[in-house]
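Listed here are the chains, written in short residue letters.
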Amino acid sequence: MKVLVATEKPFAPVAVKGIKDILDPVGYEMALLEKYTEKAQLLEAVADVDALIIRSDKIDGEVMDAAPNLKIIVRAGAGYDNVDLAAATARHIVVMNTPGQNANAVAELVIGLLIYACRNKFNGTSGTELMGKKLGLLAFGAVAQNLARIAHGMGMDISSYSPLNRPQKIIDAGFHVHESLHDLFAFNNIVSLHLPSTPETRRSIGYDLISVMRKDAILVNSARQDVIDEEGLIKAMTERPDLRYVTDLKLADHDRAVELLGDRYIFTPKKMGAQTKEANINAGLAAAQQIVEFIEDGVKKFQVNK
Ligand code: 3PG
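**Quick word on the pattern of salt bridges**
Stage number 1. All told, the structure shown has 15 salt bridges when counted by the stated rule.
Stage number 2. Where Asp157 meets Lys134, a salt bridge forms, and the shortest distance between an N and an O atom there is 3.3 Å. With a gap of 23 residues between them, Asp157 in strand E7 (residues 157-161) and Lys134 in strand E6 (residues 134-138) connect regions that are remote in the sequence.
Stage number 3. Two residues, Glu231 and Arg256, come together in a salt bridge whose shortest N-O distance is 3.0 Å. Residue Glu231 is found in helix H10 (residues 230-239), and its partner Arg256 is found in helix H11 (residues 254-261); the two are separated by 25 residues along the sequence.
Stage number 4. A relative accessible area of 49% places Glu231 in the partly exposed class.
Stage number 5. Its relative accessible area of 29% is what places Arg256 among the partly exposed residues.
Stage number 6. Put simply, Lys39, Asp60 and Glu62 are held in one network by salt bridges that share partners.

**Looking at the sheet that holds strand E5 (residues 94-97)**
Stage number 1. With respect to topology, five strands assemble into an open sheet ordered E2-E1-E3-E4-E5, the strand pairing being parallel. The open sheet has two edge strands with one neighbour each: strand E2 (29-34) and E5. Pairwise comparison of adjacent strand axes, ignoring direction, gives a mean angle of 20° for this sheet.
Stage number 2. As defined by bridge partners, strand E1 (residues 2-7) adjoins strand E3 (residues 51-54) across four bridges and the pair is classed as parallel. Within E3, the position partnered with Val5 by the bridge is Ile53.
Stage number 3. Those strands touched by helix H1 (residues 13-23) are E1, E2 and E3, and its axis lies near 160° from that of E2.

**Re the packing of aromatic side chains**
Stage number 1. Under the counting rule described, the total for this entry stands at four aromatic pairs.
Stage number 2. Arranged with centres 6.3 Å apart and planes meeting at 75°, the rings of Phe140 and Phe175 form a pair that is edge-to-face. Placement of the pair is Phe140 in the loop between E6 and helix H6 (142-153) and Phe175 in the loop between helix H7 (168-172) and strand E8 (176-177), with a sequence separation of 35 residues. Considered together, Phe140 and Phe175 belong to a single accessibility category, that of buried residues.
Stage number 3. Of the aromatic side chains, those joined through ring pairs into one cluster are Tyr245, Tyr265 and Phe267.
Stage number 4. Stacked on the ring of Tyr207, the Lys or Arg Lys235 has its end atom at 3.8 Å from the ring centre.

**Let's talk about unusual backbone geometry**
Stage number 1. At Asn120, a position not held by glycine, the phi torsion is positive, near 50°.
Stage number 2. Among the secondary structure elements, Asn120 is positioned in the loop between helix H5 (103-118) and E6.
Stage number 3. For Asn120, a relative accessible area of 23% gives the class partly exposed.
Stage number 4. For Phe302, which is not glycine, the phi dihedral falls at a positive 75°.
Stage number 5. Counting through the fold element by element, Phe302 comes out in the segment after helix H12 (277-297).

**Some words on the pairing of E2**
Stage number 1. Sheet topology places E1 next to E2; six bridges connect them, and they run parallel. Looking at the pairing, Thr7 lines up with Glu34 of E2.

**Let's talk about H5**
Every α-helix carries 3.6 residues per turn, so stepping three or four residues along brings you back to the same face.
Stage number 1. For H5, with 16 residues, the first-to-last C-alpha span of 23 Å sits near the 22 Å given by 1.5 Å per residue.
Stage number 2. When we look at burial in H5, the residues that qualify are Ala103, Ala105, Val106, Ala107, Leu109, Val110, Ile111, Leu113, Leu114, Ala117 and Cys118.
Stage number 3. On the buried face of H5, the contacting elements are H6, strand E9 (190-193), strand E10 (218-221), strand E11 (244-247), strand E12 (265-267) and H12.
Stage number 4. Positive backbone phi, approximately 50°, marks Asn120, located one or two places after H5.

Conventions and cut-offs
- Residues numbered from 1 in each chain as written.
- Predicted model: local features only at pLDDT ≥ 70, side-chain atom pairs only at ≥ 80, totals over all residues.
- Heavy atoms only, no water.
- Salt bridge = Lys/Arg side-chain N within 4 Å of Asp/Glu carboxyl O.
- Helix = DSSP H or I, 4+ residues; strand = E, 2+ residues; numbered from the N terminus.
- Buried < 20%, exposed > 50% of the residue type's maximum accessible area, 1.4 Å probe, protein only.
- Pairing = 2+ DSSP bridges.
- Axes fitted to C-alpha atoms, helices over the stretch in contact; angles between N-to-C directions.
- Contact = heavy atoms within 4.5 Å.
- Phe/Tyr/Trp six-rings, centres within 6.5 Å; stacked < 30°, edge-to-face > 60°.
- Lys NZ or Arg CZ within 6 Å of the ring centre and 35° of its normal.
- Expected span 1.5 Å × (residues − 1).

The structure is reproduced here in structure tokens:
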């Protein structure tokens, strides 16, 4: 069996070693393709592989066709919108994710970004604190739950809205449940997005919601770039010079946003949420383990295509 770790954005070396240490004892070969710049490199590298470990790497039907032995793709992470699930199913390829494994890393980054924003990018002027501020979480999956835990410890007032209308986890955690998206946006000082990218969520956060945010509010996005309706965001923030957008996912029209929003648009140069040694180890090793369990015993836990 040959397993390719194909990561345009590489794992920490210790995670790559950990993957190899799981594959070696069962006699699987590990290949590594990191920091590739052309799709052609990926197409060449998958030619003889049985399994694939990826991050946000885009895997479409063309990549699958270039890998005739491919049986399983594991997205080492949560969101799998970068994999064409229908194409995988049509080719009898199992796709899995590793839910929750990098969630704390993303949650910690959100706190870091918020402190950076609230302290005016450490420019020496007087900023604001997070303690006592209202933090609204849009969805309550693994990242939001970790963020709630940390933010609660910092004295923030947590609430959430569950778009899938499954608020029980929020209630069990002891946080206020909003009845609508509108309420979530209108009530909180900070709204943090934790939506996957799906046909329903794409461009779902736009003018109507952003324009009702409280004075001096912050919208923070560690989820996906395409859940934002960029025109709506720019329009709302142009009308409301008090609002800020803080993100780990640069907008599609990044240069225009920099030009129009100036320093109210705060972004990481590269998506950094899951980029910690710990998250790489958690997600990478889980991916390797899931591949071995699938190949050896047919275990399909965490399969996301049917
Ligand atoms: C995820 O969906 O797990 C996160 O967005 C992390 O993505 P990354 O592995 O590309 O950093």
